[in-house]
Amino acid sequence: MGLMIKSMPLRRAILIGVALAFLIAISPNRGDFPSTSDLVALERARQEGDDLAEWAMLSRLVSRWPHSTRLWERMAVLNQRNGMCEEAIREFDMANRYGDLARESLLPYMDCLMDTDQYSVVIDRFDSESLNEDLPAGVDWILARALLRDGQAEEALKVVSHWVELEPGNPQARYAHSLILALSDPRSALTELRESADQDPRYN
């Protein structure tokens, strides 16, 4: 564990160094940024899954257009995908400052908040009213887990109960509901566990 903790700053420094080298390499010799070749390089990096190269290009773009929600948001998604949640949260927050996050970005944002133990932020950002919105699958379960970690078991049960009402045929919803229900009503929870297993053998 000690070795892992000490190696993280070194890993981050190496990534930043590589990113700076990439920035120097792609810096246009003349004309305004971004040039056509810059945009081609950005698209190539995205298609090839080169997260570091894409992030480096986006960091230049966001310095030019600092109020762009989508640029900050994409940088955050790339950092979250590579396990850099603290950086991702800062970028998600910047994106939120200038506009609403895209629907598909909510789960990576919430995952990072959970990974950094920011349960109250999850609860405040995704309250019961937001569950009536068109949110991606999985938001309910993350919110319920945040409420549990925050000591609000009854509220967590309400969230997963609402999820089951919305998706009665979803075995994951029933499974999540049964797990939290087990805290207060083990007998009913066992019945629901069996129902979720009947719907999907993975829950046996």
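Residues numbered from 1 in each chain as written. Predicted model: local features only at pLDDT ≥ 70, side-chain atom pairs only at ≥ 80, totals over all residues. Heavy atoms only, no water.

(A) Representation of the overall build of the protein in the model. In terms of regular secondary structure, the protein is built from 11 helices and zero strands. What you see in the protein, going N to C, is helices and strands ordered as α-α-α-α-α-α-α-α-α-α-α. Out of the 204 residues in the protein, the part that is buried amounts to 41%. Carbon and sulfur atoms provide 52% of the accessible area of the protein, an area that totals close to 12100 Å². (Helix = DSSP H or I, 4+ residues; strand = E, 2+ residues; numbered from the N terminus. Buried < 20%, exposed > 50% of the residue type's maximum accessible area, 1.4 Å probe, protein only. Areas by Shrake-Rupley, 256 points an atom, 1.4 Å probe, with all protein chains shown as cover.)

(B) Up close: helix 3 (residues 51–64). Between its terminal C-alpha atoms helix 3 stretches 20 Å, which fits the 20 Å expected from 14 residues at 1.5 Å a residue. In terms of burial, helix 3 is largely enclosed, as 10 of its 14 residues are buried. (Expected span 1.5 Å × (residues − 1).)

(C) Structural detail: helix 9 (residues 153–166). Between its first and last C-alpha, helix 9 extends 20 Å over 14 residues, near the 20 Å set by a 1.5 Å rise per residue. Regarding helix 9, the residues found buried are Ala156, Val159, Val160, Trp163 and Val164. Buried residues of helix 9, viewed axially, fall in a sector of 140°; they line one side. Exposed positions of helix 9 whose direction lies more than 90 degrees from the buried face are Glu154, Lys158, Glu165 and Leu166. Close packing links the buried residues of helix 9 with helix 8 (139–149), helix 10 (171–181) and helix 11 (186–199). (Arc of directions from axis to C-beta. Contact = heavy atoms within 4.5 Å.)

(D) Region of interest: the state of the cysteines. Counted under the stated rule, the structure contains one disulfide. A disulfide bridge connects Cys85 with Cys112, and the sulfur atoms are separated by 2.3 Å. On the sign convention where negative means left-handed, the S-S torsion of about -80° between Cys85 and Cys112 marks this disulfide as left-handed. Separated by 27 residues along the polypeptide, Cys85 in helix 5 (residues 85–98) and Cys112 in helix 6 (residues 106–115) bring together distant segments of the chain. Cys85 sits in the buried class, given a relative accessible area of 11%. (Disulfide = S-S within 2.5 Å.)

(E) Representation of the packing of helix 4 (residues 69–81) against helix 5 in the model. It is at 8 Å that the axes of helix 4 and helix 5 come closest, and there the two elements cross at 160°. As far as their axial angle goes, helix 5 and helix 4 are roughly antiparallel. At the point where helix 4 passes helix 5, the crossing takes the left-handed sense. Residues Thr69, Trp72, Glu73, Met75, Ala76, Val77, Asn79 and Gln80 of helix 4 pack against Glu87, Ala88, Glu91, Phe92, Met94, Ala95 and Tyr98 of helix 5. Here the residues of the contact of helix 4 with helix 5 are counted per class, giving nine nonpolar, three polar and three charged. (Axes fitted to C-alpha atoms, helices over the stretch in contact; angles between N-to-C directions. Parallel < 35°, antiparallel > 145°, perpendicular 65-115°, else oblique. Left-handed = near helix turned anticlockwise from the far one by under 90°. Nonpolar A, V, L, I, M, F, W, Y, C, P; charged D, E, K, R; others polar.)

(F) Main features of the environment of Glu155. Note that Glu155 resides in helix 9. C-alpha of Glu155 to C-alpha of Leu143: the two residues are 12 residues apart in sequence and 9.7 Å apart in space.

(G) Local environment of the packing of aromatic side chains. Under the definition given, this model contains two aromatic pairs. With a centroid separation of 5.1 Å and an interplanar angle of 50°, the aromatic rings of Phe92 and Tyr109 are classed as tilted. Note that Phe92 is positioned in helix 5 and Tyr109 in helix 6, a separation of 17 residues in sequence. One exposure class covers both Phe92 and Tyr109, and it is buried. Seen from their ring centres, Tyr175 and Tyr203 are 4.9 Å apart, and the 45° between their planes marks the pair as tilted. (Phe/Tyr/Trp six-rings, centres within 6.5 Å; stacked < 30°, edge-to-face > 60°.)

(H) How the structure looks around the confidence of the model for the protein. For the protein, per-residue confidence averages 83 on the pLDDT scale, and 80% of positions sit at 70 or higher. Looking over the protein, one finds the lowest element-wise mean pLDDT in helix 1 (residues 2–26), namely 48, and the highest in helix 5, namely 96. (pLDDT = per-residue confidence, 0-100.)

(I) Just the pattern of salt bridges, in detail. Tallied over the full model, the rule gives eight salt bridges. With a shortest N-O distance of 2.7 Å, Arg81 and Asp51 are connected by a salt bridge. Of this pair, Arg81 sits in helix 4 while Asp51 is found in helix 3, placing the two residues 30 residues apart along the sequence. Given the relative accessible area of 47%, Arg81 is considered partly exposed. Note on Asp51: relative accessible area 14%, which makes it buried. The salt bridge involving Glu73 is made with Arg70; its shortest N-O contact spans 2.6 Å. One end of the pair, Glu73, and the other, Arg70, are both in helix 4, three residues apart, so they sit about a helical turn from each other. When its relative accessible area of 4% is taken as the criterion, Glu73 is described as buried. Residues joined by salt bridges that share partners form a network here, namely Arg46, Glu54 and Arg74. (Salt bridge = Lys/Arg side-chain N within 4 Å of Asp/Glu carboxyl O.)

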